[in-house]
Every structure is written in C-alpha cells, then in structure tokens.
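Structural characterization, general
So you can see what is in the structure, the chains are spelled out below.
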Amino acid sequence: MSNIKFHLKTFGCQMNVYDSSRIVDLLQLHNMQQVDDELDADVIILNTCYIREKASAKIFSELGRIYKLYLRFKKAQPVFAVIGCVAKAEGENIFKRAPFVSIVLSSQKYHLLPELITQALENIESVNSSEKKSKKVEHKINTDLSGLEKFDCLPKVKKSEKVAFVQIQEGCDNFCTYCVVPNTRGREVSRNEKDILSEIENLQNLGAIEVNLLGQNVDCYNGLDENGKPSNLAGIISKVAKFDNVKRIRYTTSYPSKFSDDMIELHRNEKKLMPLVYLPIQSGSNEILKKMNRKYTREQYLFIVEKLKNANPDIQISSDFIVGFPNETEEDFQQTLDIVKKVQFIQCYAFKYSPRPNTPAQKMDGQIDNKIKSERLKRLQYELRKSQDKFNKSCVGRVMSVLFTDVSKTNPEYIIGKNEYLQPVIVKAYKSLLGSIQNVKITSGSYANLKGEIA
Ligand code: SAH
Ligand code: SF4
Ligand code: F3S
C-alpha cells in the first residue's frame, strides 16, 4: 500500500523521542508519509509515557479528543496505535477504555508497526464502510519485552539533525521503589559498541555534530567491544570522540553510585565531552533515599560532585527531584533544600511524588497529603530557580560555545542555540550560522535564557 499518512505524537523521555525518530524512518521505508495535521492522517500513533499519573491520564484524554475530532468533522475513522510505556503497563485495558484503538505495542515491539498498520487499515476500511456501524475494530497487541530485537529490524537512518540521539541501552534494573520503568521497559541490556559506532558514523556523515548517548542508567553500559569484551561508558565515549565531525558529546541519564572514576578522568581530559553532568539525586535525605532504594547517600553524592569539579572546574550539575515521597518529613525535605544550596544545580526537574501501580512505594504507609507535596514543590522550585538564576547571571562576560539550531519565533533577526550547559542562547546574527558552533560573548542573562553576540 502507498500514500498512507501517519501522525505521530511523542510523550515522555528522550528514549521515546529516539524511538519515535526510528519509527518515522521505518514507516517511511514502507512508503508511509508523516503528516503534522492530525485530521489528515490514516494512522494516529501515540508513543506514550507512564512515569507519573498525569502523564498516563493524558494518553486517554488525547485518544478521546482525537477520536471525537474525526467524528465532529465527519471524517473516516483512522487507525489508532498506542505504543510505548502506557501500552506495556495498561495492555488490554487500553482496548476496554478506548475500543476504537487497533494496535497496542510495547517500546520493544514497534518494529511490527508496518505489518500491523497494513492489516489494521484493511480492517478499518470495512468498519468505516459498514452500514450499521456495528462492525468492531480488530485489536492487535504485543507487549512483550524482547530487549534489543527491535534494533535488528530498523533501517539505516537517512537524515540527521545537527544534534543526534543514539540509544545505547534498553531497560533498567535499578528498581527504585517509586518507578515504573523496570516494568515498562524491562531488564537492562546494552547494545554492542559496533552497532552504536556504525550508527554514529552514519549520523556524522549525515551532518550530526553533537551526539547524545541515551539510556536510563548509562553508567552501567556494558555492551561488547570489537573483541567481544564488555566495554563501559567511558570506553564508548572515547571511541565516539574519535569521529572527526562529532564536536560535542553528551550522555544521559547517570546514576550517582555507578558514576565511575573513568568518567571523572574523561571529564578531565576529553574536550568533546560537554561539562554538564545530569546526575539525578531525587532527595537530599538519606532516610528517604534508602526508602526509594537509591543506592547512595547524600555524602557519597556530594563526594562525586566534588571529584568532578576538582577534575574539571567548568563542570556544572543538573538533577531530578521527587518531593513528598512516603514518610518524607519536614526535616527530610530540609535536607533536600540543603543539598540544593550546597551543589548549586544549574538546571533541574522537580516532581511531586506520584504513586504508580505495581510499585513498592505505592503500598507504603505514610503517603503524603497533596497539599504538602504542592507546598514543598513550590519551595524547592524557588530554591532551584535561585541557583539557576545565579549561574545564568555569572555567565555574563564569558565567551561560550553555542550550537545554533533555530530562528527566533518572536524576532526572525535572532537565532537560537544551546551552549555547553544546554542553556538557550539568543544572538542577533545571520541565518547562515544555523547548524554551526560559534563562540558567543554573553551580554545578559536571565532565569530563562542568555543573550549574546558573536565573539
Ligand atoms: N533513569 C533516570 C530517570 C528516569 S525517570 C534516573 O534514575 O534518574 C525521570 C524522572 O522522573 C526521575 O528522575 C524521577 O525524578 C521522576 N519520577 C520517576 N518516577 C516518579 C514517580 N512515581 N513520581 C514522581 N516522579 C517520578
Ligand atoms: Fe526508574 Fe530508578 Fe531506573 Fe531511573 S534508575 S529508570 S528512576 S528505576
Ligand atoms: Fe516515560 Fe517510559 Fe521514558 S515511562 S519517562 S517514556 S521510559
């Protein structure tokens, strides 16, 4: 079949963003065309996130909204596919709540999409043309977690942005007591170096100059090297750094107690490795960290930060926080505020704890009232904002390196890029600089962004 139009919407983390980009490659190979307008599609695909309740509730409201949109405009009903983490977690339940959905696939089974879409389109045609509207949509589901199988079925990437993402690892074995990822993404498994490096070589040939290595726990990367021996994160980054066209390397996400001395050395010596370390701490209280099954203490965390900053004084830290975890007292929360003051993070995400199905924390006594969670979140965000603001202001007068990727939406004379620390930098400059890395002298800094001029 040809001329099939699909609309793909992505929720959740960078892993899902990566998966979605591969889905586009795969479907285009099968002569399907991506469309921006959701009303113009034969197939609607939602790549979903289950991390917090709000994220997963959003999927069902989106499904309902788009379904009703087609009814309102009296258009033929499209094929709906729900893939990713909600698909794994909710499974058959999705068909119960949204019977018009045809396809449900885990994030490790999306390579089955072309075949299932073709079947579902034939089925939906007969449903749409059925006189009595009594014909039901056929349901196809595969939520197995089969590790790296999908990578063998994906085509070579044909187009790359300047900033490219490469998944080096699937799943997570950490079993933090609040988290659904070990259930939705399965066991931790690393891709082999050869596969990752050939993907990156291809991306650099297609123009990528910044590479982001992705995994839920990249410090535990242990794929095989060319001699069949387990490699590690520092090992693979050193090899990526050898690609001439790759100028910047980032990796995410790190797990504090697994952060190795090899990585600290690499941050000392490898100039292509960006000096921003995303090291989620979640809480500053040792009691709460223990209940979360995070296998480090605040002291160990502070020690890693100290070692990193000693190795390379340019290093800055970003992080994730959860407030209102079961049994979190005001004293525990004070410990979190204290760590923010000590580390002076430059960019963070803070979340209210959200109890998730089939996680140990959901069953713990001592769940915290939502009002207290909201109030703590506000206080934490205030403190985080202060340190981000302080850092941004301290950048004024410095020359930073910026990879320009976009034209300003509000003022087309300005272009926007990201500096070493992923902060947006706005500069009045020619569009011909888009796609290049330039030295920029920072002239002003606010909480949200930096402004500067080409140095
Ligand atoms: N693997 C990464 C991040 C995974 S999810 C890590 O371990 O840090 C991204 C962030 O979502 C987490 O860092 C955590 O802060 C947040 N998160 C995960 N589960 C949550 C829950 N049940 N409630 C609130 N926030 C949660
Ligand atoms: Fe979830 Fe913990 Fe794994 Fe991160 S390390 S994905 S928070 S279980
Ligand atoms: Fe969400 Fe799944 Fe990522 S639950 S955060 S999309 S791994």
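Residues numbered from 1 in each chain as written. Chains lettered and ligands numbered in written order. Predicted model: local features only at pLDDT ≥ 70, side-chain atom pairs only at ≥ 80, totals over all residues. Heavy atoms only, no water.

1. Overview of the domain arrangement of the protein chain
Here the protein chain is partitioned into domain 1 (5–142), domain 2 (156–274) and domain 3 (399–454). In this structure, domain 1 and domain 2 have C-alpha centres spaced 29 Å apart. Opposite the 16 residues of domain 1 that make contact, domain 2 presents 19 residues. Taken together, the two surfaces of domain 1 and domain 2 that pack against each other cover about 1500 Å², and 57% of this comes from carbon and sulfur. Summed over the three residues of domain 1 that lose the most area to domain 2, namely Gln14, Met15 and Tyr18, the buried surface amounts to 41% of that side. At the boundary of domain 1 with domain 2, the tally comes to two salt bridges. Run the count over domain 1 and domain 2 and you get five residue pairs in polar contact (both at pLDDT 80 or more). (Domains from an automatic or database assignment. Contact = heavy atoms within 4.5 Å. Buried area = accessible area lost by both parts, 1.4 Å probe. Salt bridge = Lys/Arg side-chain N within 4 Å of Asp/Glu carboxyl O. Polar contact = N/O pair within 3.5 Å; in protein donor to acceptor, adjacent residues only side chain to side chain.)

2. Quick look at the site of ligand 3
In the vicinity of ligand 3, the contacting residues are Cys13, Asn16, Thr48, Cys49, Tyr50, Ile51, Cys85, Val181, Arg185 and Gln216. Among the residues making up the shell around ligand 3, the classes are represented as six nonpolar, three polar and one charged. When residues of the shell around ligand 3 are assigned to domains, at least three fall in each of domain 1 (5–142) and domain 2 (156–274). (Near = heavy atom within 4 Å. Nonpolar A, V, L, I, M, F, W, Y, C, P; charged D, E, K, R; others polar.)

3. Quick notes on the sheet that holds strand β10 (residues 210–214)
Here three strands make up an open sheet; going across it, the order is β7-β10-β11 and the pairing parallel. Each edge of the open sheet carries a strand with a single partner, namely β7 (163–167) and β11 (248–252). Strand-to-strand, the axes of this sheet are offset by a mean angle of 20°, without reference to chain direction. Helix α1 (residues 14–29) contacts β7, β10 and β11 of the sheet and is inclined by roughly 100° relative to β7. Relative to β11, helix α9 (residues 233–240) is tilted by about 155°, and along the sheet it contacts β10 and β11. (Pairing = 2+ DSSP bridges. Helix = DSSP H or I, 4+ residues; strand = E, 2+ residues; numbered from the N terminus. Axes fitted to C-alpha atoms, helices over the stretch in contact; angles between N-to-C directions.)

4. Looking at the sheet that holds strand β16 (residues 414–418)
Strand order around the closed barrel formed by five strands is β15-β16-β17-β19-β18, with mixed pairing between neighbours. Averaged over all neighbouring strand pairs, the angle between strand axes comes to 55°, with direction disregarded. Taken together, the three bridges between strand β17 (residues 424–428) and strand β19 (residues 450–454) define a ladder with parallel strand orientation. Each bridged residue has a counterpart across the sheet, and for Val427 the counterpart in β19 is Gly452.

5. Overview of the packing of aromatic side chains
This structure, assessed with the given rule, holds eleven aromatic pairs. Both rings, one in Tyr255 and one in Tyr296, keep their centres 5.8 Å apart while their planes meet at 80°; by these two values the pair is edge-to-face. Of this pair, Tyr255 sits in the loop between β11 and α10 (261–269) while Tyr296 sits in the loop between α11 (286–291) and α12 (298–311), and the two are 41 residues apart along the sequence. Pair check on accessibility: Tyr255 and Tyr296 agree, each one buried. With a centroid separation of 5.3 Å and an interplanar angle of 65°, the aromatic rings of Phe325 and Tyr353 are classed as edge-to-face. Taken together, the residues span a long stretch of sequence, with Phe325 in the loop between β13 (316–323) and α13 (330–343) and Tyr353 in the loop between β14 (347–352) and α14 (370–394) at a distance of 28 residues. Among the aromatic residues, those joined into a cluster by ring pairs are Tyr255, Tyr296, Tyr301, Phe321 and Phe345. The residue whose ring lies beneath Arg52 is Phe351, and the NZ or CZ to ring-centre distance is 3.6 Å. Its end group placed over the ring of Tyr447, Arg385 keeps NZ or CZ at 3.9 Å from the ring centre. (Phe/Tyr/Trp six-rings, centres within 6.5 Å; stacked < 30°, edge-to-face > 60°. Buried < 20%, exposed > 50% of the residue type's maximum accessible area, 1.4 Å probe, protein only. Lys NZ or Arg CZ within 6 Å of the ring centre and 35° of its normal.)

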